Amino acid sequence: MFRSRSWFGGGWGRPKNPHSLEHLKYLYNVLSRNQTVSEHNRGLLVETLRSIAEILIWGDQNDSSVFDFFLEKNMLSFFLRIMRQRSGGSSFVCVQLLQTLNILFENIRNETSLYYLLSNNHVNSIIVHKFDFSDEEVMAYYISFLKTLSLKLNAHTIHFFYNEHTNDFPLYTEAIKFFNHPESMVRIAVRTLTLNVYKVEDASMLAFIRDRTAAPYFSNIVWFIGKHIQELDACVRNDADHQSQNRLADLVAEHLDHLHYLNDILCLNITDLNHVLTDHLLHKLLIPLYIYSLTTVKRPGADALTKALNQKFSLNESNGGISHELSAGKVSCVVALFLLSQVCLIISHSPLVQTLAWIVLKTDRSIFDRGVDKLLESYEMEMGQSGQKDEASGSEISFKDDVVEEQRNITDEEKQRLATTPTEGENVSEKPFLETVYNALDCSENDYAALFALSLLYAMAYNKGIMPDINEQVLKPKKTYTSKKDVRYTYNTHLVDKLLYIVLLSCQPSCRVRLVTLELALKLLVQLVMADGKSVLLECHKLTIESAKTQSTALLRNFYKSEEIFLDMFEHEYCDMSKSSLNVEWLCMDSAILLPPTGTPMTGIDFTKRLPCGEVSCDFSEVERARRAIRVFFLVRSVVLTLNGEMETQLPLTNPQSCVQIDQALDLSISRYNSDLIACVVLWKDGTKTRRFLVIDVLQLILVEPDTKRLGWGVAKLVGFLQDIEVTGDKDDSRCLHITIHRPLSGTTTNRVPLLSAKFVFDDNIRCMAAKQRLTKGRIKARQKKMQHIARLLEIPGQSGPPSPAFVGGGLYNRPSGRGMRDHRPFALSRGPGFATPRWESPPGVTHRTDEMRRHRDSDPKINPKKDDRTPNRSRDSSSSRTKSREGSPRLPRPRSEEIPLELIKKGPNSVVEVAPKITIVPRPQVKEESEEEAAKKPEEVEPDVSISSEETSFIASERNSKKGGNVETV
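Keep in mind that this is a model prediction, so the values were computed, not measured.

Right, let's talk about the overall build of the chain for a bit. The secondary structure content of the chain amounts to 37 helices and 14 strands. With 971 residues in all, the chain has 49% of them scored as buried. Considering only residue pairs separated by 6 or more positions, the chain has 71% of its internal contacts joining residues 24 or more positions apart. Looking at the chain as shown, the accessible area adds up to about 47800 Å², and 50% of this sits on carbon and sulfur atoms.

What follows is the structure, encoded as structure tokens:
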């Protein structure tokens, strides 16, 4: 009646606890009763396998008896029996079986449990089993299982996989069969597995790999990369219209994966493997296919290489190989330069990259004609002679003293000869590879090949695996001693001439040099002429780079306009360039630069990697050409400052250190913040209300909250630049303003993300109008100040002097008289309230023409009996004799808002301000509070009370009155 739950009792009752030994015994019963896979029981077997893996993982961490039972019953043998069946549904069960093994080995943490699983050699039997790899799921889980096993390899577990007696290593040998699998995931897994194998420090295993698999495996990799390069070259040749960018991007990414994989192997510093791999790369790939493609001369053995490549991979066409034949065993010069740049940027193995650098920079044409083997022999002989010279020089007592002794009696002509690099005295045409690189730097038509030539030179100059003595001849300055104290630096003037020509060409209005090419040329120029932290440029080259700076300034001067977009572009481009400099390695990862330069933004290529839009009549083209001119100006200016040893002092336009930051405490009693302090209520879009004080600084709008700890102080809660604000009135409520503060532009698009967009409610319409006026006027002033700063940078005539007093945060603000210059404005902006206009200030002085009553009073002899129209300097005398404050400073007018009628404001009889005759930009007058002493000396006048203080600002007003009261003398 009651059935036993014991595994040996034959009971079928399922245990309630799935994580227990009893449950594993139950699952073992299920497997023993269903050893033959069929359509009916395959679902049961899949669930059983999944549950077994789950219990084993639990037992690894909680109960060791689980693994004891698993090994006692040899349950892995059931897995092998299931895999070897060819009945219906076995493939479905094999997928679950591989997944179970993968999960099991991936989650095992106990080494003892791992050893139990790897014992009895069942895992190796599973590895060599002939699965149906045409099933994608089987292939995916199988290669994932192998990769998981490779992660468990170490000096102890390696003996479970490598059998030294039988000289067999199935985990490695089975995996490398898929190195050229069509699926990229499989190829990546194979590379990961091989690296994990190479990392294991076991001499017998590494000897097996070297003797049995290294040569064929590395040879197959090299041939596969060569075929892949031919496909990449064909894609570049046939995609001049940028229609196959995705395919090209995949090919470039695959080549980068190959190079990183090879570099990872070389970085393991396994001498035997590195020797085999380097030999295959140099003889079968890098020299015959990469370097020899730089020349137009057909190299010896090209036909044989082409025939071998086509014959080697003709068998792979059915497996996704390429059907077209190789083009004479070579690729285009542009592709060769691009690939060599990637090699020198990624691989740092000294024997490999140093050989490549010597061949490119030093190979003579006579050696070039003899073939690859003679080329390598010549390099080995050169290095051997160089090593002997180094040993001989090391035995000398003092190398510097010897050099000084030899050059003690040299003439000036000989000194000048020493100042030239060895490459100048030699005929570049006798060096075929270097000649190709130099010829590629010609940007007369375009910079297509020049960008890759610069990338190759830069990569060789910064590769740590290349010895300095090779680079000193071409890519770095060389130090020589002409006397005991005189040190002379020499550099490659021929290459510098080429680079300076690119820089000069980039400063022309209609050049076809991309920004990335210019920046890379300037980086290489600095590398060539900077030694020991200083520039060693010759005078002629200094004049050339200064001329380039002048031309770049003149080019940008043509785009200097009053439109707001110019200022936004100028600041955005500077900010974007300041964030990060050019990364050449990232540049060479971009497949888009392999295609001919284009000028349309529709390709999605970054602006610096393409030409500006070519349609002259298009507004967008004008914007892109202006952006390019701005960046050229910044790049050339930065390099000139670096070569001159100077620091940048004029950029950025806004100094972040001088700006108010959020949560910064402000003393609201000082005139800088108190003069424009207005209380308001900020209505946010979510309906919340916040009481704040609006402070308008020289460049910023600040929302302040009173400081609860210090009287008269406030804390900045929101800060935005005045140049980025938009102010609109509310049609329904005259006390409200809609204010939007935009963030800085993130590009040329007009879609700007607002920093603040809220409704501001003031106490009355007087304060609302005053706030609107000050915000509008502050925005205009802030933008004009920066535009004047840009004008001084560009050396525009009339803007070279100091900034106007209106933009230094203080000084005397005056409204000049005279109508001759009223409409002369340097910027075509719509005139708003308080707009500052340049006017000619007449020598006798300036008066306010809006106050008719004061003008009549000044001309009345009863009020002004001493006035004499015949005195030419009467206004100046009156200005000099008028009442001063206690500190001796001239009395300033009191601030007033625009909505107050001017007829209601009374002025003193001598309110005339003297200003030197000049053209300046001044705002509307702001009036300062006068002291009680001055008020007592003036005639008694009736002035309307237009105070805009409220009870929220009473804490500031009370403190100000207390300060003023302390300074008043009692009569």
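It is worth spelling out unusual backbone geometry at this point. Here the residue pair leucine 651 and proline 652 is connected by a cis peptide bond, since its omega of 0 degrees sits within 30 degrees of zero. In this fold, proline 652 is placed in the loop between helix 31 (619–644) and strand 5 (665–667). Unusually for a residue other than glycine, asparagine 74 sits at a positive phi of about 50 degrees. Here aspartate 532, not a glycine, exhibits a phi torsion of approximately 55 degrees, which is positive. As for its placement among the helices and strands, aspartate 532 is situated in the loop between strand 3 (530–531) and strand 4 (534–535).

Strands pair in a sheet through their backbones, by hydrogen bonds, and they do so in one of two ways: parallel or antiparallel. The sheet built from eight strands is open, its strands ordered 5-9-8-7-6-12-11-10 with antiparallel pairing. Looking at which strands have only one partner, the edges of the open sheet turn out to be strand 5 and strand 10 (725–729). Ignoring strand direction, the axes of neighbouring strands in this sheet form an average angle of 40 degrees. Relative to strand 8 (residues 700–706), strand 7 (residues 689–696) runs antiparallel, the two sharing four bridges. Within strand 8, the residue paired with phenylalanine 693 across the bridge is valine 704.

A few words now on the packing of aromatic side chains. Under the defined criterion, the tally for this structure stands at 28 aromatic pairs. Taken together, a centroid distance of 6.4 Å and an interplanar angle of 70 degrees make the contact between tyrosine 142 and phenylalanine 178 edge-to-face. With tyrosine 142 in helix 8 (residues 136–150) and phenylalanine 178 in the loop between helix 10 (170–175) and helix 11 (184–198), this pair connects stretches of sequence that are 36 residues apart. Accessibility expressed as a relative area gives 12% for phenylalanine 178, which makes it buried. Where tyrosine 574 meets phenylalanine 634, the ring centres are 5.3 Å apart and the plane angle is 70 degrees; that geometry is what we call edge-to-face. Here tyrosine 574, found in helix 29 (residues 564–579), pairs with phenylalanine 634, found in helix 31; they are 60 residues apart in sequence, far enough to count as distant. Both residues of the pair, tyrosine 574 and phenylalanine 634, count as buried. Members of the aromatic cluster, each reached through a chain of ring pairs, are Tyr162, Phe169, Tyr172, Phe179, Tyr198, Phe208, Tyr217, Phe218 and Phe224. In this structure, arginine 627 is placed above the aromatic ring of phenylalanine 607, and the distance from its NZ or CZ to the ring centre is 4.2 Å.

The residue arginine 783 is located in helix 33 (residues 765–793) in this model. From its side chain, arginine 783 meets the backbone oxygen of glutamine 723 in a polar contact 2.6 Å long. For arginine 783, the residues in contact, after removing those within four places along its chain, are Glu564, Leu567, Asp568, Gln723 and Asp724.

Of all seven residues in strand 11 (residues 736–742), six are buried, a share of seventy percent or more. Of the pairings in the sheet, the one linking strand 10 to strand 11 comprises five bridges and is antiparallel in character. Residue pairing in the sheet places glutamate 726 in a bridge with threonine 740 of strand 11. Connecting strand 10 to the next strand, strand 11, in antiparallel fashion are six residues.

Under the counting rule described, the total for this entry stands at 28 salt bridges. Here arginine 191 ties to glutamate 254 by a salt bridge, and the two come within 2.8 Å at their closest N and O atoms. Here arginine 191, found in helix 11, pairs with glutamate 254, found in helix 13 (residues 245–267); they are 63 residues apart in sequence, far enough to count as distant. For the pair arginine 191 and glutamate 254, a shared accessibility class is recorded, and that class is buried.

Next up on the list: the confidence of the model for the chain. Across the chain, pLDDT averages 76, with 70% of residues at or above 70. Predicted confidence for residues 1–11 stays below pLDDT 50, and this span has 14 contacts to residues more than four positions away or in other chains. Long-range and interchain partners of residues 414–425, a stretch whose pLDDT sits below 50, account for 20 contacts in this model, where long-range means more than four residues apart.

This part is about the environment of glutamate 585. Secondary-structure assignment places glutamate 585 in helix 30 (residues 584–587). Considering only alpha carbons, one finds glutamate 585 and serine 455, 130 residues apart in sequence, at a separation of 8.8 Å. If near-sequence neighbours (up to four positions away) are discounted, glutamate 585 is found in contact with His260, Leu345 and Ile346.

Turning our attention to helix 27 (residues 515–529). Its 15 residues place the ends of helix 27 21 Å apart at the C-alpha level, agreeing with the 21 Å of an ideal helix rising 1.5 Å per residue. For helix 27, the buried fraction is high: twelve of the 15 residues fall into the buried class. All of the buried residues along helix 27 are Leu515, Val516, Thr517, Leu518, Leu520, Ala521, Leu522, Leu524, Leu525, Gln527, Leu528 and Val529.

All right, on to the nonpolar core then. For soluble globular proteins, the rule of thumb is that nonpolar side chains tend to be buried together. The biggest cluster of nonpolar side chains holds 196 residues, and the ones touching the most others in it are Phe145, Phe169, Tyr198, Tyr217, Phe218, Tyr290 and Met460. Take this core: its biggest share by element is 14 residues, from helix 12 (residues 203–237). Counting 23 residues, the second largest nonpolar core, distinct from the first, contains Tyr574, Phe634, Ala791 and Leu794.

Let us now look at the packing of helix 26 (residues 493–506) against helix 28 (residues 539–557). When two helices pack together, their arrangement is given by the angle between their axes and by how far apart the axes lie. Viewed as axis vectors pointing N to C, helix 26 and helix 28 meet at an angle of 10 degrees, and their least axial separation amounts to 10 Å. Overall, the two elements helix 26 and helix 28 adopt an arrangement that is roughly parallel. Residues Thr493, Val496, Asp497, Leu500, Val503 and Leu504 of helix 26 touch helix 28, and the partners they reach there are His541, Thr544, Ile545, Ser547, Ala548 and Gln551. In terms of residue class, the contact of helix 26 with helix 28 is made up of six nonpolar, five polar and one charged.

Conventions used here
Residues numbered from 1 in each chain as written. Predicted model: local features only at pLDDT ≥ 70, side-chain atom pairs only at ≥ 80, totals over all residues. Heavy atoms only, no water. Helix = DSSP H or I, 4+ residues; strand = E, 2+ residues; numbered from the N terminus. Buried < 20%, exposed > 50% of the residue type's maximum accessible area, 1.4 Å probe, protein only. Contact = heavy atoms within 4.5 Å. Areas by Shrake-Rupley, 256 points an atom, 1.4 Å probe, with all protein chains shown as cover. Pairing = 2+ DSSP bridges. Axes fitted to C-alpha atoms, helices over the stretch in contact; angles between N-to-C directions. Phe/Tyr/Trp six-rings, centres within 6.5 Å; stacked < 30°, edge-to-face > 60°. Lys NZ or Arg CZ within 6 Å of the ring centre and 35° of its normal. Polar contact = N/O pair within 3.5 Å; in protein donor to acceptor, adjacent residues only side chain to side chain. Salt bridge = Lys/Arg side-chain N within 4 Å of Asp/Glu carboxyl O. pLDDT = per-residue confidence, 0-100. Expected span 1.5 Å × (residues − 1). Core = buried A, V, L, I, M, F, W, Y, C linked by side-chain atoms within 4.5 Å. Parallel < 35°, antiparallel > 145°, perpendicular 65-115°, else oblique. Nonpolar A, V, L, I, M, F, W, Y, C, P; charged D, E, K, R; others polar.

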